[in-house]
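# Descriptive analysis of the structure
What follows is the residue order along each chain.
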Amino acid sequence: MAYARAMAAGVTGVSGRLVEIEADLANGLPAMVISGLPDTALNEARDRVRAAVTNSGLRWPDRRLTVNLLPAALPKHGTAFDLAMAAAVLGCAAEIPPAALGAIGLIGELGLDGAVRPIRGVLPMALALRRSGVRTAIVPDGNAAEAAVVPGLSVRRAASLAEVVAHLRGETSLPGATEEAAAEPAARPDLADVAGQQLGRRGIEIAAAGGHHLALIGPPGAGKTMLAERLPSVLPELDDDGALEVTALHSIAGHLQGGRLIRQPPFQTPHHSASAPALVGGGPGLARPGAISLAHRGVLFLDEAPEFAPHALESLRQPLETGRIVLRRSNGAAEFPARFQLVLAANPCPCAKPGGDAYCECPAQVRRRYLGRLSGPLMDRIDLRVELMPLRTADLLGAGGESSAAVAARVANARQAAAARWAPFGRRVNGEAPGNVLRSSAFQPGVSHTRRLRQWLDRGALSARGFDRTLKVAWTVADLDGRDQPTAADIDEALGMRAGQP
């Protein structure tokens, strides 16, 4: 009996998991059995691995072969285990020294010709190997730069199984990989390009400073899309933990370009025909994150929001509250983070005349029905509702407003104040502050300052959620203006923004 073990990694949700691959060679009719909850793609590995081994000029053992993937209770998906399975098989067949596999992680898909092909999700897999004490990883050439961003992990890149075997035998050495140098950040749209719309610019600034959700309602050409596209330009860059988390999500989705960490807050803008699964994620086997998870720590912009399917819009409600999405399937569950800023843009009516209400041809019932596609429970989770007016000549031909850099400086200062305030509660921005803490004596503004807010709640103009969210916006307004506590004016501005009034 011969035995060998190799280390690989899989992905569950956004987290990598160490997977140990055992290979046992015993007397009996030639066969290969794979155990450990493999999916269809992994069951097919028996044919891919055998063809890759023989086409690489190596000997395939002509005996009964059992391959087990540990932990056996963890469902395994995809083709990322091919390379480690081939190494374990060759180890127990004495083609390579089994001891050489002890401290190396192997990740990659094998082609029938023995080529090591790139896969998605390498970054969280590499992180899992490093957390488990592995110091060296062999990955496909096309994924090497991505894996190299993991600190403390020595990455070797392989183009073929034959190269990996020669490296493990000590005959040659696989080339190393280094993290790609940071490229110059791409030019982002600037708020200085937006003509007029001071109220819209104020809404963008408050949303950025407090992590608040925003609805922009106005006629075509008023600047809704321009404002939304410029929100990421006033958000601070992601810290190391946030960059790793966001980059891992894009790696799992297969959207990662190059091997650099994503530092700029992501901006996702799905088309209004997008389905609910396109927003929340899913798919067979290894579930992919949807638009809301790809917008994690960034912005999800739904242009022409009333045109989205009602089911797709309602699927946003739970992630807006919890900051995560759990996809449950018959073979397990995958959890993805989804703490994003939602920005909705909508025309006030179907006819959408450029001149606004004065030129509208829609009956009142039609107008109500159109915006009614955005349900009350969804809109109750929107902190800021800004109504944009049609542009005038003076706005369009006048001097531009402040640049994104000037606004971003104020946003950064406001976020620093909020982070210091909420750090004991594990929160970073006002939009994440717990409601019970906001209403406590330590943080609730004075009775005279909240009189109007309490009146709105008592007469049913605000829900309990709306009460808390208005307080959060008031704190953001105070932070932007450098005050330690919200004043009555701050709360009035927050109420006006929530009601869609200047």
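Residues numbered from 1 in each chain as written. Predicted model: local features only at pLDDT ≥ 70, side-chain atom pairs only at ≥ 80, totals over all residues. Heavy atoms only, no water.

You'll find the protein entered in an unreviewed UniProt entry as YifB family Mg chelatase-like AAA ATPase, with Pilimelia columellifera subsp. columellifera given as the organism. The Sequence similarities (unreviewed entry) comment attached to the protein in UniProt states, word for word, "Belongs to the Mg-chelatase subunits D/I family. ComM subfamily." (UniProt positions renumbered as here; feature names shortened; annotations may be inferred.)

### A few points about the environment of Leu-342
Following the sequence through the fold, Leu-342 ends up in strand β17 (residues 341–346). Of the residues examined, Leu-342 reaches a relative accessible area of 0% and is grouped as buried. For the pair formed by Leu-342 and Ala-215, sequence separation is 127 residues and the distance between their alpha carbons is 8.2 Å. Not counting residues up to four positions away in its chain, the partners in contact with Leu-342 are His-213, Leu-214, Leu-300, Leu-302, Leu-316, Leu-320, Leu-378 and Ile-382. (Helix = DSSP H or I, 4+ residues; strand = E, 2+ residues; numbered from the N terminus. Buried < 20%, exposed > 50% of the residue type's maximum accessible area, 1.4 Å probe, protein only. Contact = heavy atoms within 4.5 Å.)

### Details of helix α9 (residues 240–253)
Every α-helix winds through 3.6 residues per turn, so residues three or four apart in the chain are directed the same way. Here α9 spans 20 Å end to end across 14 residues, near enough to the 20 Å set by a 1.5 Å rise per residue. Taking burial as the measure, the 14 residues of α9 include ten buried ones, the bulk of the element. Residues of α9 that are buried include every one of Gly-242, Ala-243, Val-246, Thr-247, Ala-248, Leu-249, His-250, Ser-251, Ile-252 and Ala-253, and no others. (Expected span 1.5 Å × (residues − 1).)

### Details of the sheet that holds strand β10 (residues 214–217)
Pairing in this open sheet of five strands is parallel, and the strands run β11-β14-β17-β10-β18 from one edge to the other. Looking at which strands have only one partner, the edges of the open sheet turn out to be β11 (267–268) and β18 (384–387). In the sheet, β11 pairs with strand β14 (residues 299–302) via two bridges, with the strands oriented parallel. From the neighbouring strand, Gln-268 faces β14, where its bridge partner is Leu-300. The sheet strands contacting helix α7 (residues 198–210) are β10, β17 and β18, and the helix crosses β18 at an angle near 165°. (Pairing = 2+ DSSP bridges. Axes fitted to C-alpha atoms, helices over the stretch in contact; angles between N-to-C directions.)

### As for the environment of Arg-260
Mapped onto the elements of the fold, Arg-260 is located in the loop between α9 and β11. For Arg-260, a relative accessible area of 31% puts it in the partly exposed group. Sequence separation of Arg-260 and Leu-244 is 16 residues, and the distance between their C-alpha atoms is 9.9 Å.

### Some remarks on the side chain of Asn-143
Assignment of secondary structure puts Asn-143 in the loop between β8 (136–140) and α5 (144–147). Of the polar contacts made by the side chain of Asn-143, one reaches the backbone nitrogen of Ile-119; its length is 2.9 Å. Leave out the neighbours within four places in its chain, and Asn-143 touches Pro-118, Ile-119 and Val-122. (Polar contact = N/O pair within 3.5 Å; in protein donor to acceptor, adjacent residues only side chain to side chain.)

### Some details on the state of the cysteines
Disulfides are covalent bonds that connect the sulfur atoms of two cysteines. Inspection of the entire model under this criterion finds zero disulfides. Its sulfur unpaired, Cys-351 is 3.5 Å from the next cysteine sulfur, which belongs to Cys-349. (Disulfide = S-S within 2.5 Å.)

### Topic: the pattern of salt bridges
Proximity of charged atoms lets side chains of opposite charge pair with each other. One pass over the full model with this rule turns up 30 salt bridges. Here Arg-297 ties to Glu-245 by a salt bridge, and the two come within 3.0 Å at their closest N and O atoms. In this pair, Arg-297 is assigned in the loop between α11 (291–294) and β14 and Glu-245 in helix α9, connecting sequence segments 52 residues apart. Taking relative accessible area as the criterion, Arg-297 reaches 23% and is therefore assigned partly exposed. Several salt bridges share partner residues, and in doing so they unite Glu-321, Asp-380, Arg-381, Asp-383, Arg-465, Arg-469 and Arg-498 into one network. (Salt bridge = Lys/Arg side-chain N within 4 Å of Asp/Glu carboxyl O.)

### A closer look at the packing of helix α2 (residues 45–55) against helix α3 (residues 82–92)
Interaxial distance between α2 and α3 falls to 10 Å at its minimum, and their mutual angle equals 60°. Here the hand of the crossing between α2 and α3 comes out right-handed. In contact with Ala-45, Arg-48, Val-49 and Val-53 of α2, α3 contributes Asp-82, Met-85, Ala-86 and Leu-90. The residue inventory of the contact of α2 with α3, partitioned by class, reads six nonpolar, no polar and two charged. (Left-handed = near helix turned anticlockwise from the far one by under 90°. Nonpolar A, V, L, I, M, F, W, Y, C, P; charged D, E, K, R; others polar.)

### Points about the environment of Leu-313
In this fold, Leu-313 is placed in helix α12 (residues 310–314). Residue Leu-313 is classed as buried on the basis of its relative accessible area of 1%. Residues Leu-313 and Ala-274 lie 39 residues apart in sequence; the distance between their C-alpha atoms is 10.0 Å. Excluding residues within four positions of it along the chain, Leu-313 makes contact with Leu-302, Ala-305, Phe-308, Arg-373, Leu-374 and Leu-378.

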